[in-house]
Number of protein chains: 2
Amino acid sequence: MIKIVVDCFGGDHSPQANIDGSLAALEQFPDLYLILTGDSSAITAELSGKRYDSSRLEIVHAPEVIGCDEKPTDAIRLKRESSMVRAIRILRDSDDVSGMVSIGSTGALVAGALTRLGMLEGVIRPAFCPILPTMDGGVVGICDSGANVEVTSAHLKQFAIMASLYLENVYGVSSPRIALLNVGKESEKGDDMRREAYKKISEVPVVNFVGNMESRDLLSGSYDAVVCDGFSGNVLVKTTEGTALELLGKVKEMIYSKPVYKLGALLQKKMFADLKSMMNYQNYGGSVLIGTRKVVVKGHGSSRAVAVQKCIEQAYRMEESSLNSKIEEALDKYDHYE
Amino acid sequence: MIKIVVDCFGGDHSPQANIDGSLAALEQFPDLYLILTGDSSAITAELSGKRYDSSRLEIVHAPEVIGCDEKPTDAIRLKRESSMVRAIRILRDSDDVSGMVSIGSTGALVAGALTRLGMLEGVIRPAFCPILPTMDGGVVGICDSGANVEVTSAHLKQFAIMASLYLENVYGVSSPRIALLNVGKESEKGDDMRREAYKKISEVPVVNFVGNMESRDLLSGSYDAVVCDGFSGNVLVKTTEGTALELLGKVKEMIYSKPVYKLGALLQKKMFADLKSMMNYQNYGGSVLIGTRKVVVKGHGSSRAVAVQKCIEQAYRMEESSLNSKIEEALDKYDHYE
């Protein structure tokens, strides 16, 4: 049995999306056991009338909610009865619980994970690794997308090892092509930190390092994961999402501006539906925080049930594949805190 | 008469695009005088049979070309007879020449501008400020997009002042809305450097600072320019271009996959042409390097004649509006090297 805690509050569509996503995940995995944290009467009300295996679902009452505007460290320290802090505590204290999913405040979740869970043996800092769809039907991971605004080359080396193992074990990519985000492809591009990272990553035998990547090639399908500091990784992910949304919005606006365009779009109905589904970030789950002692998955604030279900699946797959022990092993072998 | 030097070699379509763009600019501005540098026989051959006002066009022979793979500082030092170095020398030595346009190696151009031209009074470092189209039909500047991989808050403050004056004087935007690129909108987001920059920029009365911007909102039309370090600015610009290209490419691929989609696209022919034209970066010129003692405009390597013409227009407008003296005045007034 794989046990995962789901923080049911936080997120634009909580608790409904979080609970519906949880029930869908229970249906998907017969050996999954879920603990839902949050206001128990609200959760019970949401569950009433729905069909699910109640022997694999447990509710833990936690009436408080952490808002996205609260100072992360204060929220974690003071809101002990919040659905998020409760979930983190359960994860920390229960040997048989392997991971958690939250749609709440990113800052609070990172602060809580760092202070309450701690890191895997050998990990300097954990990193977020969200997954985006590439244009050839594959996926690409971005590591780190915002857990570390500042990094050193030693961090980037670890991110490369962790992202490679993540893509291999959770997405079944064999020998993932790992790139370093830079301002040009040549090995001497960027600042000293990037040049050092380039050298360090290329020396790790277990990483299939393919060199520097320019951000314009992110969706090309030529890379399985790209390694970067959390600031530019954040820019990379949000620019990709933003440009895709703005552009599809513009196309929609143009289509509605003339009857003949609308007519054309009627003929392409299925095409646009496929495109929308391909670009729908809900289908790709959340940002996995790699490197903490137990699995933490952060869903996008706008997550609906399908995204929450995907987040739970990510946590499940990480545990199923023993990703964390593989990371510890690899770091022990190939990372010596130079 | 406004005199501008055009480096005719470097770029995927040089010298043809550079020369055709030059002739179009001469046609556009009756008081423009151009000096073309490069292999004079190649330039003469390209000009032959074309109509232009030869009294406003001069050719300076410079047979060498700097490749994009050459080490910038070496190339500038050793290739004295290259079209780029010759252009920089003319710009430096001729009081009546106000700017230059090059499509060649970015690194070499920055190195050459820094070492041969120097900075405007008060400027710590120059910054690239390319312009992208927003979805509401406007434009947004990104400053810096790659001249400075590492920056301090003092740099960012200057970028804010320079970008604001650039958008106002060259694009006619009154009281440009200037934002700071960050991982979240709240003022305390990011690292210490960003928080310091936030404070410093908000204290400049001449800058209409609207706070932090998340990269997903770049194309929304809510900002006229965004200020950032050159690394994340580079990621921002290239991700926007890359995502738009990949997405439009995907739509095209899908359209061609089924006759009925193709039929629909026939009805939308003008719509897609409008969209393509709107997203065509050729129409927005190049990256202006702001802060050097004389105007330097760097065109995209893939520039065709229309893009080169736009680059020359940018250099022309910068001189016409006395942008550089306005920058020196503003820095003298509002920037005191804290």
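Shown above is the structure to which this text applies.
Figured I'd write up the structure that's included with this text. Because the structure is predicted, anything quoted here is derived from the model rather than measured.

Criteria and thresholds
- Residues numbered from 1 in each chain as written.
- Chains lettered and ligands numbered in written order.
- Predicted model: local features only at pLDDT ≥ 70, side-chain atom pairs only at ≥ 80, totals over all residues.
- Heavy atoms only, no water.
- Helix = DSSP H or I, 4+ residues; strand = E, 2+ residues; numbered from the N terminus.
- Expected span 1.5 Å × (residues − 1).
- Buried < 20%, exposed > 50% of the residue type's maximum accessible area, 1.4 Å probe, protein only.
- Contact = heavy atoms within 4.5 Å.
- Axes fitted to C-alpha atoms, helices over the stretch in contact; angles between N-to-C directions.
- Parallel < 35°, antiparallel > 145°, perpendicular 65-115°, else oblique.
- Left-handed = near helix turned anticlockwise from the far one by under 90°.
- Patch = residues over 30% accessible without salt bridge, like charges linked within 9 Å, V, L, I, M, F, W, Y side chains within 5 Å.
- Areas by Shrake-Rupley, 256 points an atom, 1.4 Å probe, with all protein chains shown as cover.
- Salt bridge = Lys/Arg side-chain N within 4 Å of Asp/Glu carboxyl O.
- Core = buried A, V, L, I, M, F, W, Y, C linked by side-chain atoms within 4.5 Å.
- Least-squares fit on C-alpha atoms with pLDDT ≥ 70 in both.
- Phe/Tyr/Trp six-rings, centres within 6.5 Å; stacked < 30°, edge-to-face > 60°.
- Pairing = 2+ DSSP bridges.
- Buried area = accessible area lost by both parts, 1.4 Å probe.
- Polar contact = N/O pair within 3.5 Å; in protein donor to acceptor, adjacent residues only side chain to side chain.
- Nonpolar A, V, L, I, M, F, W, Y, C, P; charged D, E, K, R; others polar.

**Points about helix α6 (residues 153–171) of chain B**
Residues and elements named next belong to chain B.
Thinking step 1. In a regular helix each residue adds 1.5 Å, so 19 residues correspond to 27 Å; α6 covers 26 Å between its end C-alpha atoms and thus fits that length.
Thinking step 2. Taken across its 19 residues, α6 has 16 buried, putting it largely inside the fold.
Thinking step 3. Gly-172, located one to two residues past α6, shows a positive phi value of around 65 degrees.

**Some remarks on helix α1 (residues 16–28) of chain B**
Thinking step 1. When the terminal C-alpha atoms of α1(B) are compared, their 18 Å separation across 13 residues agrees well with the 18 Å that a helix rising 1.5 Å per residue should span.
Thinking step 2. Lining the buried residues of α1(B) we find β1 (2–7), β2 (32–38), α2 (40–47), β3 (57–61) and α11 (305–320) of chain B.

**With respect to the packing of α1(B) against α11(B)**
All names here are of chain B.
Thinking step 1. It is at 7 Å that the axes of α1 and α11 come closest, and there the two elements cross at 50 degrees. Comparing their axes, α11 and α1 come out oblique. The element α1 and its partner α11 pack so that their crossing is right-handed. Residue-level inspection shows Ala-17, Asn-18, Asp-20, Gly-21, Ser-22, Ala-24, Ala-25 and Gln-28 of α1 in contact with α11, the latter providing Ala-305, Val-308, Gln-309, Ile-312, Glu-313 and Arg-317.

**Looking at a nonpolar patch on the surface**
Thinking step 1. Where nonpolar side chains cluster on the molecular surface, the patch consists of Val260(A), Leu263(A), Leu266(A), Leu267(A), Val260(B), Leu263(B), Leu266(B) and Leu267(B) and spans about 660 Å² of accessible area.
Thinking step 2. When contributions to the nonpolar patch are tallied by element, the ones reaching two or more residues are α9 (259–267) of chain A together with α9 (259–267) of chain B.
Thinking step 3. Among the structural elements, Leu263(A) can be located in helix α9.

**Examining the nonpolar core**
Thinking step 1. Core analysis: the biggest nonpolar cluster contains 167 residues, and Tyr166(A) and Tyr166(B) have the highest contact counts within it.
Thinking step 2. Not counting residues up to four positions away in its chain, the partners in contact with Tyr166(B) are Cys129(B), Ile131(B), Tyr171(B), Val288(B), Ile290(B), Gln314(B), Met318(B) and Leu323(B).

**Observations concerning the relation of the copies chain A and chain B**
Thinking step 1. Each copy of the sequence occupies a distinct position, and chain A is placed on chain B by a rotation of 180 degrees and an axial shift of 0.0 Å, giving an RMSD of 0.0 Å. Interpreted geometrically, this transformation is the action of a two-fold axis. Across chain A, the smallest distance between a C-alpha and the rotation axis is recorded for Gly264(A), namely 1.9 Å.
Thinking step 2. The residues that chain A uses at the interface reappear at the interface of chain B in 100% of cases, marking a shared surface.

**Considering the packing of aromatic side chains**
Residues and elements named next belong to chain B.
Thinking step 1. Counted by the stated rule, this structure contains 6 aromatic pairs over all chains.
Thinking step 2. Taking the centre distance of 5.5 Å and the plane angle of 80 degrees together, the rings of Tyr-166 and Tyr-171 count as edge-to-face.
Thinking step 3. The buried category is assigned to Tyr-166, whose relative accessible area is 0%.
Thinking step 4. Judged by relative accessible area, Tyr-171 falls into the partly exposed class, the value being 28%.
Thinking step 5. When the ring of Tyr-198 is compared with that of Phe-209, the centres are 5.1 Å apart and the planes differ by 75 degrees; the resulting orientation is edge-to-face. Linking Tyr-198 in helix α7 (residues 192–202) with Phe-209 in strand β9 (residues 208–213), this pair joins segments that are 11 residues apart in sequence.

**Structural notes on the sheet that holds strand β10 (residues 225–227) of chain B**
All names here are of chain B.
Thinking step 1. Pairing within the open sheet is mixed, and its 5 strands lie in the order β6-β7-β10-β8-β9. Edge positions in the open sheet fall to β6 (131–133) and β9, since each of these has one partner strand only. Averaged over neighbouring strand pairs, the angle between their axes works out to 30 degrees when direction is ignored.
Thinking step 2. Note that β6 and strand β7 (residues 139–143) share 3 bridges and pair antiparallel. In the sheet register, Ile-131 faces β7, and the bridge partner there is Gly-141.

**Brief notes about the sheet that holds strand β8 (residues 177–181) of chain A**
All names here are of chain A.
Thinking step 1. If you trace the 5 strands from one edge of the open sheet to the other, you get β6-β7-β10-β8-β9, paired in mixed fashion. At either margin of the open sheet sits one strand with a lone partner, and together these are β6 (131–133) and β9 (208–213). Here the strands of the sheet are splayed against their neighbours by 30 degrees on average, with no regard to which way each runs.
Thinking step 2. Both β8 and β9 contribute to a ladder of 4 bridges, which runs parallel. From the neighbouring strand, Arg-177 faces β9, where its bridge partner is Asn-208.

**Topic: the interface of chain A and chain B**
Many analyses report the size of an interface as the accessible area lost when the parts associate.
Thinking step 1. Listed by partner, the interface residues are 48 residues for chain A and 48 residues for chain B.
Thinking step 2. Interface area for chain A against chain B, summed over the two sides, is near 4,600 Å², with a carbon-plus-sulfur share of 70%.
Thinking step 3. On inspection of chain A and its partner chain B, the count reaches 4 salt bridges.
Thinking step 4. The partner of Arg216(B) in a salt bridge is Glu241(A), and the shortest N-O contact between them spans 3.6 Å.
Thinking step 5. In this structure, the connection of chain A to chain B is made through 15 residue pairs in polar contact (both at pLDDT 80 or more).
Thinking step 6. Ranked by the residues each element gives to the side of chain A that touches chain B, the list is headed by helix α8 (residues 230–257) of chain A, at 19 residues.
Thinking step 7. Looking at the side of chain A that touches chain B, its residues break down into 23 nonpolar, 13 polar and 12 charged.

Read these as layout, nothing more, since geometry by itself doesn't imply function.
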